Every structure is written in structure tokens, then in C-alpha cells.
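Listed below are the residues making up each chain.
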Amino acid sequence: MLQPSTSRSTGSPRSSSRFERLDALRGFALVWMALFHFSFDLSLYKVTDWDFYDDPVWLVQRTCILSLFLLCAGAGQAVAVHQGQTWPRFWRRWAQVAGCALLVSAGSYLMFHERFISFGVLHGMAVMLIVARRVSGLKAWLLPVSVVALLLPMLIQHPLFDSRLTNWVGLVTHKPFTEDYVPVLPWIGVMFFGLAATQWLLVHRPSVLQGPIPQVLRPLAFLGGWSLTFYMIHQPILIGALQAVLAVAR
């Protein structure tokens, strides 16, 4: 998930290593996201003419990347609950996500003005993490709930949810004019699925999560343990580097 990971194994007192497979999956999503964002930056600065708003090639990639993040976020909450993570520790980690979401809103306003991000991935994550933690006790019942969450925006839309104050719910009649939009519905359904699936694995197939990974994947696992940090710094670095290259080229 987009926060310092809680993907640590449980069991004996000396079992303090991370769930490296989950970290590596999160790290893979981060690398894919960075490549996607750099491609977007190239289009933003007119280096390419790729259409990130209508071309299925980019729209499908965005959906896949976001789904990976939310699956990992749900998995991370399953691990945290399994470890007995306290609410105070949860709230400390949640505050990091919420604080970074506010920074994203401020930064995007300076860059995109009226298209600023009022409810993007971090905003959605902040709300969804609280809900996921509260309903984690549903366990297998989370699977039908996730299906309902995924389908609900296709069945119900209302103009009441079209404003910036209400579009975070997700029951909009049209996509908001913003650079990133990750409403609670339908995306919380993906997090619920990751939560329920990981809860089942922790009980019935823990080796799937706790097994070793190849040496070549260890950099991804390391990156996956610092996902929020990477998320917050990668775009300023990419944009700054691109602007420097373009300035020299001109």
C-alpha cells in the first residue's frame, strides 16, 4: 500500500522478517507507476502526443496499476490485523497517508489549477483504509461485499454526487475534471478483495506469502517497503529531470 508497509511475518518471536513477496508485488506496481507517470510527463511537456485521457492503452494500464496498489493495501491491512496492530499505530500510519494526500492536492493545484486533485489515490486510500480496518472482521463475507462495491457505481448514479464535495463517494454521472480521481466506489471493492484473500492465505496457505523470493526481486521488495516515500518523490524527480533535459536541448 502507499505507506510504510506492515508486511511483516508473524509467528515465533524471532520471526521479524517482512513478507517479501507482498513487498515485491508492491515494488513492481511502483516501478510500473513510475514508468506510466514518466510517459505522462513526456506527453504533458509535448515531447510525445500520447493521449492519456482517451487511449485504451493508457487507461487500461492506469486501472491495472491502481488495482495492484489497492490489492496490496488490502493485503497490508490483513497482515496488520493478523499481527495485532494497535489502533494508535494504525492512526500514525494513516496520518502519513492523509498528510501526503493534502500535499498532493496543494501541489497539483499549483501545477494544474482547476484540474487539481481533490480526491486521488492517496485521498481514496485514506478513507478506504479506515473502512477496511473496521470491517476486517467480516473475513470471507468481504468477497460478496467487494462485488457489490464494484457493481454499485454502474447501477446507481446521481447528480448529487457530481460536486467536489461529494464525488469522493463515486456515484457520479460523469468523470470529474481532475488529473486523478479514485473514489471510494468502486475501488474499495478491490481493497476488500485483497483484504479477504490475504486473510484466507494467512490462515490456510501462509507459505504463499512468506516464502523466499529470488535475489533479483529483492530490490523490488526493498522499494515496496517504502512505497509512500517513493510515491511522493518520484514525480518531482522525474519532472525536474525532464525539465532540465529539455532546457539543455533548447
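Anyway, here's the lowdown on the structure attached to this text. As the structure is a computational prediction, the values presented were derived from the model and not from experiment.

### Some thoughts on the packing of helix α1 (residues 20-44) against helix α2 (residues 56-83)
Then comes step 1: Packing of α1 against α2 brings their axes to within 10 Å, and their N-to-C directions diverge by 150°. Taken as axis vectors, α1 and α2 run roughly antiparallel relative to one another. As α1 packs across α2, the resulting crossing turns out to be left-handed. Here α1 contributes Leu22, Leu25, Arg26, Phe28, Ala29, Leu30, Trp32, Met33, Phe36 and Ser39 to the contact with α2, which in turn contributes Trp58, Gln61, Arg62, Cys64, Ile65, Leu68, Phe69, Cys72, Ala75, Gly76 and Val79.

### Side note on the packing of aromatic side chains
Then comes step 1: Taken as a whole and assessed by the stated rule, the structure comprises 12 aromatic pairs.
Then comes step 2: When the ring of phenylalanine 52 is compared with that of tryptophan 58, the centres are 4.3 Å apart and the planes differ by 25°; the resulting orientation is stacked.
Then comes step 3: Summarising the aromatic geometry, the rings of tryptophan 87 and phenylalanine 90 are spaced 5.1 Å apart at their centres and angled 80° between planes, so their arrangement reads as edge-to-face. With a gap of 3 residues between them, tryptophan 87 and phenylalanine 90 both fall in helix α3 (residues 87-112), about one helical turn apart.
Then comes step 4: Sitting over the ring of tryptophan 87, arginine 133 keeps its end group 4.8 Å from the ring centre.
Then comes step 5: It is arginine 134 that lies over the ring of tryptophan 87; its NZ or CZ is 4.6 Å from the centre.

The rules behind these values
- Residues numbered from 1 in each chain as written.
- Predicted model: local features only at pLDDT ≥ 70, side-chain atom pairs only at ≥ 80, totals over all residues.
- Heavy atoms only, no water.
- Axes fitted to C-alpha atoms, helices over the stretch in contact; angles between N-to-C directions.
- Helix = DSSP H or I, 4+ residues; strand = E, 2+ residues; numbered from the N terminus.
- Parallel < 35°, antiparallel > 145°, perpendicular 65-115°, else oblique.
- Left-handed = near helix turned anticlockwise from the far one by under 90°.
- Contact = heavy atoms within 4.5 Å.
- Phe/Tyr/Trp six-rings, centres within 6.5 Å; stacked < 30°, edge-to-face > 60°.
- Lys NZ or Arg CZ within 6 Å of the ring centre and 35° of its normal.

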